[in-house]
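Okay, here's what each chain looks like letter by letter:
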Amino acid sequence: MKERIGVYICHCGGNISDYVDVEELGKMFHAEDNVIISKDVMFACADSNQKAMVNDISENHLDAIVVASCSPKLHLHTFKNVASRAGLNPTNYVQVNIREQCSWPHSDKPREATVKAAGLIRAGINRVSHSESLDNIEIQVKRAVLVVGAGVAGMKAAIDLARLGNEVYLVEKDYFVGGRIAQADKLFMSGQKGKDIVAKLYAELKSYKNITLFTGATVEKVSGSLGNFHVDIKIKPRYIHVKADPTTVKKAMDECSIMVDDAFSFALTKRKAIYKNYAEALPDVPVVDIEALKNDTEFLSKYASSFDLTQQDEVLSLYAGSVLVTTGFDSYQPKDGEYGYKTVPNVLTLPEFNSLMELNPEQLVYNNKAIKKIAFIYCVGNRQTKGENKYCSRQCCTSAIYSSIQLKEKYKNITAFHLFRDIRTYGKQEILYEKSSKQGDIYIRWDEKEPPIVEQDGKSINIKVKDHLTSKKELEVEADMVVLVTGMVAREDSQQISEKFKIPIGNDKFFNEIHPKLKPVETVIKGVYIGGSCQGPKNISESVQSSLSAAAKINALLKGGTVSLDPVVARVNNDVCTWCGKCAEVCEYTAIRSIASGDKQIAQVNEAICTGCGICAPVCLVNAIEIAQYTDSEIESMIDGFMQKIEIRDKSSESEEVETTEVLMMKEFPQLWKNILESIDKSKKSIPQLAEELATDKEIITYHLMTMNKYSVVMADGMDEKEAYYYYKRKN
Amino acid sequence: MAKVNPDFVKDIRKYGADDFSACFSCGTCTAICSLTDKDNSFPRKMIRYTMLGLESEIKTSVDPWMCYYCGDCSTNCPRQADPGNLMMAVRRYLISKYDWTGLSGLLYRNLAGYIIAFLIVIVGVIGVSVKGGFDHSEWLHYGHYFEMYSIAGIFAFILFPNIIRMWYYIVWSKTKKFNIRNHFVALGELFVHMFTQKRSLECDKTKNDTLWWFEHFILVIGYLALLFTTVFLDWFATKSTVINAMGYVFSAIIFVVTFDFVIRRLRKRSEKTSFSHPSDWFFVIWLFLMGISAFAVRLLIDLGTLENNFWVFLFHLVVLAQWALIIVPFGKWTHFLYRSFAMYFAAIINKPDAEPAVKK
Ligand SMILES: Cc1cc2nc3c(=O)[nH]c(=O)nc-3n(C[C@H](O)[C@H](O)[C@H](O)COP(=O)(O)OP(=O)(O)OC[C@H]3O[C@@H](n4cnc5c(N)ncnc54)[C@H](O)[C@@H]3O)c2cc1C
Ligand code: SF4
Ligand code: SF4
Ligand code: SF4
Ligand code: SF4
Ligand code: SF4
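What you see is a predicted model, and the numbers here were worked out from it, not measured in a lab.

1. Considerations on the overall build of chain A
What chain A contains, in helices and strands, is 21 helices and 39 strands. Among the 732 residues that make up chain A, the fraction classed as buried is 51%. By sequence separation, contacts in chain A at least 24 residues apart represent 66% of the contacts at least 6 residues apart. Of the roughly 35300 Å² of accessible surface on chain A, a fraction of 50% belongs to carbon and sulfur atoms. Positive and negative side-chain charges in chain A, numbering 91 and 99 respectively, have mean positions lying 6 Å apart.

2. Some points on the site of ligand 4
The full set close to ligand 4 counts 13 residues, and Cys587, Cys610, Cys613, Gly614 and Cys616 of chain A are the nearest of them. Considering only residue class, the shell around ligand 4 consists of 10 nonpolar, three polar and no charged.

3. Re the sheet that holds strand S21 (residues 373-380) of chain A
Strand pairing in a sheet takes place through backbone hydrogen bonds and is either antiparallel or parallel in direction. All names here are of chain A. Strands sit in the order S18-S27-S21-S22-S23 across an open sheet of five strands; the sheet is parallel. Looking at strand neighbours, the two that pair on one side only are strand S18 (347-349) and strand S23 (442-445), the edges of this open sheet. Neighbour to neighbour, the strand axes of the sheet diverge by 25° on average, direction disregarded. Sheet analysis places strand S22 (residues 415-420) next to S23, joined by four bridges and oriented parallel. Paired with phenylalanine 420 across the two strands is arginine 445, which belongs to S23.

4. Let's talk about the domain arrangement of chain A
Residue and element names in this part refer to chain A. As far as domains go, chain A holds domain 1 (5-134), domain 2 (144-235 + 318-328 + 491-562), domain 3 (246-308), domain 4 (332-487), domain 5 (566-628) and domain 6 (668-730). In this complex, domain 3 contributes five residues to the contact, which on the side of domain 4 involves six residues. Here domain 3 and domain 4 share an interface that buries about 420 Å² over both sides, 85% of which is from carbon and sulfur atoms. Looking only at domain 3, the three residues that lose the most surface to domain 4 are Phe266, Leu268 and Thr269, adding up to 92% of its buried area. The tally of links between domain 3 and domain 4 comes to zero salt bridges. For the interface between domain 3 and domain 4, the tally reads zero residue pairs in polar contact (both at pLDDT 80 or more).

5. Section: the nonpolar core
Core analysis: the biggest nonpolar cluster contains 135 residues, and Trp323, Trp333 and Phe345 of chain B have the highest contact counts within it. With 13 residues, helix H17 (residues 310-330) of chain B is the largest single contributor of residues to this core. Those residues within four positions of tryptophan 333 of chain B in sequence are excluded, and the remaining contacts are Phe155, Leu159, Tyr223, Phe283, Trp323, Ile327 and Val328 of chain B. Membership of the second largest hydrophobic core comes to 69 residues, among which are Val145, Leu201, Ala591 and Ile602 of chain A.

6. Here's the deal with the packing of aromatic side chains
Here the distance between the centres and the angle between the planes together describe a pair of aromatic rings. For the structure shown, the criterion picks out 45 aromatic pairs over all chains. Taken together through their ring pairs, the aromatic side chains of Trp235, Phe236, Tyr248, Phe255, Phe259, Phe288, Phe295, Phe310 and Phe313 of chain B make up a single cluster. One Lys or Arg, arginine 79 of chain B, reaches over the ring of tyrosine 433 of chain A and ends 4.6 Å from the middle of that ring.

7. Structural notes on the site of ligand 3
In the vicinity of ligand 3, the contacting residues are Cys577, Thr578, Trp579, Cys580, Gly581, Lys582, Cys583, Ala603, Cys620, Val622, Ala624 and Ile625 of chain A. The class makeup of the residues in the shell around ligand 3 is nine nonpolar, two polar and one charged.

8. What about the pairing of strand S8 (residues 211-214) of chain A?
Bridging between strand S7 (residues 167-171) of chain A and S8 of chain A involves four bridges; their strand directions are parallel. Paired with valine 171 of chain A across the bridge in S8 of chain A is phenylalanine 214 of chain A.

9. Side note on the interface of chain B and chain A
Listed by partner, the interface residues are 18 residues for chain B and 22 residues for chain A. When chain B packs against chain A, the two sides together hide about 1800 Å² of surface, and 58% of this comes from carbon and sulfur. Linking chain B with chain A are four salt bridges, by the criterion used here. With a shortest N-O distance of 3.3 Å, lysine 473 of chain A and glutamate 57 of chain B are connected by a salt bridge. If you look at where chain B meets chain A, you find 10 residue pairs in polar contact (both at pLDDT 80 or more). For the side of chain B that touches chain A, the secondary structure elements donating two or more residues are strand S1 (2-3) and helix H3 (44-52) of chain B. For the side of chain B that touches chain A, the leading source of residues is H3 of chain B, giving five residues. Taken together, the residues of the side of chain B that touches chain A sort by class into 10 nonpolar, three polar and five charged.

10. Comments concerning the domain arrangement of chain B
Residues and elements named next belong to chain B. Per the domain assignment, the segments of chain B are domain 1 (8-98) and domain 2 (103-349). Taking only C-alpha atoms into account, the centre of domain 1 sits 26 Å from that of domain 2. The contact between domain 1 and domain 2 buries some 3200 Å² in all, and 61% of this surface belongs to carbon and sulfur atoms. Counting across the interface, domain 1 meets domain 2 through two salt bridges. Two residues, arginine 92 and aspartate 280, come together in a salt bridge whose shortest N-O distance is 3.3 Å. Connecting domain 1 to domain 2 are eight residue pairs in polar contact (both at pLDDT 80 or more). When residues of the side of domain 1 that touches domain 2 are traced back to their parent elements, those giving at least two are helix H1 (8-14), helix H5 (63-66), helix H6 (72-76) and helix H7 (83-98). If one sorts the elements of the side of domain 1 that touches domain 2 by residue count, H7 sits on top with eight residues.

11. Notes on the pairing of strand S24 (residues 453-457) of chain A
Residue and element names in this part refer to chain A. With five bridges connecting them, S24 and strand S25 (residues 460-467) associate as antiparallel partners. Note that in S25 the partner of aspartate 457 across the bridge is serine 460. Counted along the chain from S24 to the antiparallel partner S25, the turn is two residues long, and its residue glycine 458 has a positive phi close to 60°.

12. Some points on the sheet that holds strand S4 (residues 93-97) of chain A
All names here are of chain A. Strand order across the open sheet formed by four strands is S2-S1-S3-S4, with parallel pairing between neighbours. Either end of the sheet is taken by a strand with one partner, and the two such strands are strand S2 (35-41) and S4. Taking each pair of neighbouring strands and ignoring which way they run, the sheet shows an average axis angle of 15°. Bridging between strand S3 (residues 64-69) and S4 involves five bridges; their strand directions are parallel. Looking at S4, one finds that valine 67 is bridged to glutamine 95.

13. Section: helix H8 (residues 246-255) of chain A
All names here are of chain A. Val249, Ala252 and Met253 are the residues of H8 that are buried. Looking straight down H8, one finds its buried side chains confined to an arc of 100°; they lie on one side. Of the surrounding secondary structure, the elements contacted by the buried residues of H8 are strand S12 (270-272), strand S13 (274-275) and helix H10 (297-302).

14. Looking at helix H3 (residues 72-85) of chain A
Residues and elements named next belong to chain A. When the terminal C-alpha atoms of H3 are compared, their 19 Å separation across 14 residues agrees well with the 20 Å that a helix rising 1.5 Å per residue should span. Buried within H3 we find His75, Thr78, Phe79, Lys80, Val82 and Ala83. Buried residues in H3 make contact with helix H2 (47-59), S3 and S4. Taking the backbone nitrogen of lysine 73 as reference, a side-chain oxygen 3.0 Å away marks serine 71 as the first, capping residue of H3. In the stretch just after H3, glycine 87 is the one whose phi turns positive, near 85°.

Here is what the cut-offs are and how they apply
- Residues numbered from 1 in each chain as written.
- Chains lettered and ligands numbered in written order.
- Predicted model: local features only at pLDDT ≥ 70, side-chain atom pairs only at ≥ 80, totals over all residues.
- Heavy atoms only, no water.
- Helix = DSSP H or I, 4+ residues; strand = E, 2+ residues; numbered from the N terminus.
- Buried < 20%, exposed > 50% of the residue type's maximum accessible area, 1.4 Å probe, protein only.
- Contact = heavy atoms within 4.5 Å.
- Areas by Shrake-Rupley, 256 points an atom, 1.4 Å probe, with all protein chains shown as cover.
- Lys, Arg positive; Asp, Glu negative; His and termini not counted.
- Charge placed at Lys NZ, Arg CZ, Asp CG, Glu CD.
- Near = heavy atom within 4 Å.
- Nonpolar A, V, L, I, M, F, W, Y, C, P; charged D, E, K, R; others polar.
- Pairing = 2+ DSSP bridges.
- Axes fitted to C-alpha atoms, helices over the stretch in contact; angles between N-to-C directions.
- Domains from an automatic or database assignment.
- Buried area = accessible area lost by both parts, 1.4 Å probe.
- Salt bridge = Lys/Arg side-chain N within 4 Å of Asp/Glu carboxyl O.
- Polar contact = N/O pair within 3.5 Å; in protein donor to acceptor, adjacent residues only side chain to side chain.
- Core = buried A, V, L, I, M, F, W, Y, C linked by side-chain atoms within 4.5 Å.
- Phe/Tyr/Trp six-rings, centres within 6.5 Å; stacked < 30°, edge-to-face > 60°.
- Lys NZ or Arg CZ within 6 Å of the ring centre and 35° of its normal.
- Arc of directions from axis to C-beta.
- Expected span 1.5 Å × (residues − 1).

If you want it as structure tokens, here you go:
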């Protein structure tokens, strides 16, 4: 128990004192409450007051302090630092918010605001008197980083992390690095070729001895936590003999006659059974497609010395202090028949079309037909107000327009139509849009409600579309090819990655950061970061920006070799715990596991993982687990404090009389709630029905019903006939 | 259902349109134009039609004639798409569509065609003069006859049928009915516009450049008066001092005003004069030459030295023949005619159907 408490009540200029009687509150708490010093101050955060507090603490040997002022979001750290400077453990400090919770919201009822403030301050005093002195948790961290995904985002981050002196393990699922940009030819805005960028990054990657690249590798199992992640990776074999002579391998590759569809070129071409994604693909070691080649025994025996068919999947264990996930995106795959995809010939997606352009240097030919008129249809699989993928993929407008510019630079007599919804060539990309219109591209704007219809018409394609720029005139566009400008979607296997690392996934299925503005690359899992387009649609610069900022964050975290964490974590009372496992079951972060203690099993909390969320505490039947700084005794003392009667003098009345009052609280449901409950107990009701029956405004009923719903007093029970309103019933 | 025709833009470019592809349909031009209204929305819409190649929409539209090329739209276009110039090009295109002979289109699109036509006329006039072996006074006489017949012929066989075609596109194909009352009531518009170009005064730009409007007005009056004086009053052969003096004044007006117009075009001060199609040059230069050569011929007659300087009369005749046979029926001259009729047709289609005046 703390018995020498200092209390400081802030005027906040007049922000608080204009409504809350701060001076009266300053006189309210005395030695009986364990309060040695109680003051009202003009600005608690002012330097002069901070100095006075430090003096008070040391002169009066205070063992805890309370400041009643603004939100702890603003000044918790200010006053914790004051405590530290005076030699007091910062966990013996409690901040009470009487501005956002009293003076501001109750400016119309100053007296009640004062009464509420008194209750909150007493609760704070009670809490701090139960506070313990706790030290931050120090964790040893390994200066090694696991980067998952060697796309442009992952490669750039790996290089930076290595340059800053970290050990880097770069794990790539494919046999070759580069991700999506390896599939692209020229890229906006620089006009560089994707494959050239990949080659450049790979050379840089290889120049660092502290980067280990694993290709054909996936993450199998993850355990451990910040500072000490323990990751098993599985590496698929290439079936090329480790001692094989590269020229013989090359010869075998040239000679191989078995061809299969090439997924890398979106099946526009075939590839051999011994292959690289493209001639310059890196690492410069081909892969044997064992399924395709296994029956060609003659060929296999001819090059027996180059192949090693006995190679097996290999599992490696790695230890890393932190993890960066940069697994990128998939392109939306249209359904059969969506804008004629797969049902009308010559309908391709944008990535397919870009590949086609790359494969046709002189003349654009597809299915033996020269392609002259091309219609791009935008926002395919994106911005669907009804259905999935409501977001905009932000780079596809620019991609399509850039392809259209390439088209005219590369081939002769090309006509390009752009059937768009909105053009989003934000920032510097706008000049590409201007360039495309100036070169004569025809832009036609449609609305989501009336999408273009793609039909085959003899040898060409006919598209019907209502142009919103020409008084919604119905137009017919004749084209040789339709390109569906497909957006980005989350990787097919993002769910698995999310499960392994416990990274939350959003409604859009991309990985979620903690806060898009304030913590843009951090996840709720300590030590696990995300970067690049696995977070959401991004172009290359944006992908690299995010992965590099994650790299900087990780480096700052691991640099010192230790990490200091807030002591607000769960802790187990070893004597009481019986290892029923309930707490481990509810912990979303898997921070709890069982260990042996003496002759029994008990729960153990991994402090590096625990976020102090508190879910575990209420489920323990024997009260064996609690959260530091939020112990039962602290919380219960706060409730007691809040409910105590308060003696207060009403300054507005002339009399000197002191009035005893209770802090306002909800002793019972408001009358309206009772009426609502009475009504829905008879039969379930919808909002309009209740409004009519109780002769009350619909808005008021809605407000109360929603509050009752939130506090689990009522629950929804089916919809009415018109599917317009929910019915509500009492929740038991 | 209208079919998009991307090749149309190539066609319209030959009529002098250039930067319109840059248009991103923001509508600034329409918002800024002082002549567009709820019945006739332009120039943005016309740019859309052009980009999409909706020929039938363009052919039946009267909007291009509502524009007087003040250039406000081009000055304010955020994409420098020069909408005013497009409107001008569409007018040339329309003229070639109205012209049943197809010669207008041919000449507008090919400078070489123009030059060949001019040369043919020169050779023709000189050839006839050499072959015919007429003496000078006889020549003056034939010159006068040529003028009368060519004017009558061009009107009867070319301009009149073309106006009917224009009426068919603008009025008939849109309304599919012939409302005599409207046609009658709107006639006033035709004459007012023909003589005054009243509408151009509604333009903010023109309001600030009333000198231009006034010059234009004088030119029209001067031109029609000179035509009347030479053709009907036979200026070159008249004995009346009054008529003679009138001829001097009218021809002087023409070459002075056109001289100013040439200077304006050369200086490119305003949007209107920033881009000149060959047909614009031919129009002002030939008008100038006509005025000055007619003036000179009559002067030589009065001085009694025409005999010795007969080439001056031949020059005048060549200019006159080129004007009458090329520029009037197939060149820029027709703008003046079609624009007046366009106002008339617009008044017909925009009038509510013959509502009894009493009904209030
Ligand atoms: C048609 C098209 C054209 C584009 N053109 C341009 C352009 O011109 N300019 C521009 O700036 N942007 C362009 N973009 C966007 C650009 O492709 C992306 O911004 C960029 O590829 C994102 O890089 P990334 O590293 O985040 O993801 P990715 O390129 O997708 O790389 C992710 C990597 O992670 C690997 N991986 C995935 N899952 C796992 C796993 N479970 N385990 C291990 N490894 C895994 C993948 O194999 C891949 O190598 C275009 C996009 C499209 C669709
Ligand atoms: S970037 Fe353009 S094409 Fe892509 S979803 Fe957004 S608006 Fe549609
Ligand atoms: S719920 Fe309680 S008793 Fe059960 S394992 Fe957890 S701490 Fe122990
Ligand atoms: S406080 Fe939350 S994170 Fe920590 S052990 Fe309990 S449930 Fe898990
Ligand atoms: S011409 Fe210019 S001002 Fe007019 S709509 Fe197009 S871009 Fe806008
Ligand atoms: S040139 Fe003048 S009159 Fe013609 S469309 Fe433009 S603003 Fe209107």
